[in-house]
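Residue-level structure breakdown
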Protein chains: 2
Amino acid sequence: MQTDNLLKQVSFIKEIDKLKYIQRKTKLFNSDRCENDAEHSWHLAMMTIVLAEHSDKPIDVLKVLKMVLIHDIVEIDAGDVFLYDTTKSHINTDEELIAAKRIFGLLPIEQAEEFIAIWTEFEDGITDEAKFAKSMDRFEPLLQNTSNNGGTWAEYNVPHQTVYDKKKVIKEGSTTIWNYAENLINESVDKGILKK
Amino acid sequence: MQTDNLLKQVSFIKEIDKLKYIQRKTKLFNSDRCENDAEHSWHLAMMTIVLAEHSDKPIDVLKVLKMVLIHDIVEIDAGDVFLYDTTKSHINTDEELIAAKRIFGLLPIEQAEEFIAIWTEFEDGITDEAKFAKSMDRFEPLLQNTSNNGGTWAEYNVPHQTVYDKKKVIKEGSTTIWNYAENLINESVDKGILKK
């Protein structure tokens, strides 16, 4: 039984290596090199550990870590959807659910079910853990773009109001981080790297 | 106070982006592209979540996750030391300790102290959490090398006994994973991708 589980787990561990090839639109800090999903997931995990104290509500940090570590794995099949792409839906698509079932389905059944549940909880964004995880997911590219002279905002001509509306999700997880983020957005307008 | 902490934490979050530029010798699965330390750390975190049930001793999974997520951050200053490099020490060097103090020292003092303690605990390899974390750190490149026709073993002519001795650390964390790993090593000899 233990060995059966291990064989399934190893096939999952090999499969998720593909996350390292999924390129995001956002660039690394002070860089013109795109970030990949594995690097992004690691960075969100580090941010979760470091910033958990700023959550407005008490959170189960281990659960948030699981969320941010696995949240993009479905993109191995479904691809990365750019936050400001207006032609594609950002809500829990059928394609992503099929991907979740295929990839997490490589694991032993109890683990597969746990991972699908955690991923769905993240996507739904209702629990305190999901809200904090989503704050992290919005905060990292904000920091990256401000370090890159506007980054994807400038590159894709994203207007201030759109950025503001998308980033306001941060407030659901942490008022302190949102206050800081809102200031960064305002400063970006002042600097001319985000158009009003 | 909260904002003071946040400013320090953001400077740390920016600094550790550099981990994405630290190249390891080991290649991705079925690939000739080197893995970087951020990708490696994400993969170890995923392996920890997925394989924790195989730990011989009960472990605090959150602590192991912190260990594997931060274990290579010192390499931003100190560089990656290849496991089979016989010209360099692999034990907790002065250079790495200075790096830990500088980089973790960007955080608020209590967090800096916690991170240095966790990193030191990992390096010492004595607690059950450190043993399991080290098992993960040895197991990932073993899986990668066997998927790459011997990978770094073939590339650097590493003999079977050296691989065996280095990998045996896996046994300290998990007998089940070690039994599987030992089989993989033996199979590699049979296939001629690891020289006896």
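Residues numbered from 1 in each chain as written. Chains lettered and ligands numbered in written order. Predicted model: local features only at pLDDT ≥ 70, side-chain atom pairs only at ≥ 80, totals over all residues. Heavy atoms only, no water.

**Overview of the overall build of chain A**
Looking only at helices and strands, chain A features 11 helices and 2 strands. Helices and strands in chain A line up, N terminus first, as α-β-β-α-α-α-α-α-α-α-α-α-α. Taking 196 residues into account, the globule formula puts the C-alpha radius of gyration at 16 Å, and chain A, at 17 Å, falls close to it. On the principal axes, the C-alpha backbone points of chain A span a range of 60 × 35 × 30 Å. Taken across its 196 residues, chain A has 57% of its residues classed as buried. Restricting to contacts in chain A with at least 6 residues of sequence separation, those with at least 24 account for 68%. Split by element, the accessible area of chain A, about 8,200 Å² in all, is 50% carbon and sulfur. Averaged over its 24 positive side-chain charges, chain A has a centre that lies 3 Å from the centre of its 34 negative ones. (Helix = DSSP H or I, 4+ residues; strand = E, 2+ residues; numbered from the N terminus. Rg over C-alpha atoms; globule rule 2.2 N^0.38 Å. Buried < 20%, exposed > 50% of the residue type's maximum accessible area, 1.4 Å probe, protein only. Contact = heavy atoms within 4.5 Å. Areas by Shrake-Rupley, 256 points an atom, 1.4 Å probe, with all protein chains shown as cover. Lys, Arg positive; Asp, Glu negative; His and termini not counted. Charge placed at Lys NZ, Arg CZ, Asp CG, Glu CD.)

**Side note on the packing of helix α6 (residues 109–124) of chain B against helix α7 (residues 128–147) of chain B**
Residue and element names in this part refer to chain B. It is the contact of α6 with α7, at a shortest axis distance of 8 Å, that shows an interaxial angle of 70°. When the axes of α6 and α7 are compared, the pair comes out roughly perpendicular. Along the contact surface, α6 presents E121, F122 and E123, while α7 presents E129, A130, A133, K134 and D137. Across the contact of α6 with α7, the residue classes tally to 3 nonpolar, no polar and 5 charged. (Axes fitted to C-alpha atoms, helices over the stretch in contact; angles between N-to-C directions. Parallel < 35°, antiparallel > 145°, perpendicular 65-115°, else oblique. Nonpolar A, V, L, I, M, F, W, Y, C, P; charged D, E, K, R; others polar.)

**Details of the nonpolar core**
One finds A:I73, A:F139, B:I73 and B:F139 to be the most contacted residues of the largest nonpolar core, which totals 123 residues. If we ignore the near neighbours within four places in the chain, the residues touching A:I73 are A:F12, A:I16, A:L19, A:I103, A:F104, B:W42 and B:M46. (Core = buried A, V, L, I, M, F, W, Y, C linked by side-chain atoms within 4.5 Å.)

**Considering the confidence of the model for chain A**
Considering every residue of chain A, the mean pLDDT works out to 95; 98% of them sit at 70 or more. Interface confidence for the predicted complex, given as ipTM, is 0.96, next to a pTM of 0.96. (pLDDT = per-residue confidence, 0-100.)

**Some thoughts on the environment of B:Q9**
For B:Q9, the location among the structural elements is in helix α1 (residues 2–15). Considering only alpha carbons, one finds B:Q9 and B:L107, 98 residues apart in sequence, at a separation of 5.4 Å. Setting aside residues no more than four positions away along its own chain, B:Q9 makes contact with A:V50, A:L51, A:E53, A:H54, B:L107, B:P108 and B:Q111.

**Observations concerning helix α11 (residues 175–191) of chain B**
Residue and element names in this part refer to chain B. Between its first and last C-alpha atoms α11 spans 24 Å; for 17 residues at 1.5 Å apiece the expected length is 24 Å, and the two agree. Within α11 the residues assigned to the buried category are T176, I177, W178, Y180, A181, L184, I185, S188 and V189. Its side-chain oxygen placed 3.5 Å from the backbone nitrogen of T176, S174 serves as the N-cap of α11. (Expected span 1.5 Å × (residues − 1). Polar contact = N/O pair within 3.5 Å; in protein donor to acceptor, adjacent residues only side chain to side chain.)

**Section: unusual backbone geometry**
Residues apart from glycine generally show negative phi values, whereas peptide bonds are mostly found in trans. Within the chain, A:N149 stands out as a residue other than glycine whose phi angle is a positive 55°. Mapped onto the elements, A:N149 comes out in the loop between α7 (128–147) and α8 (151–155).

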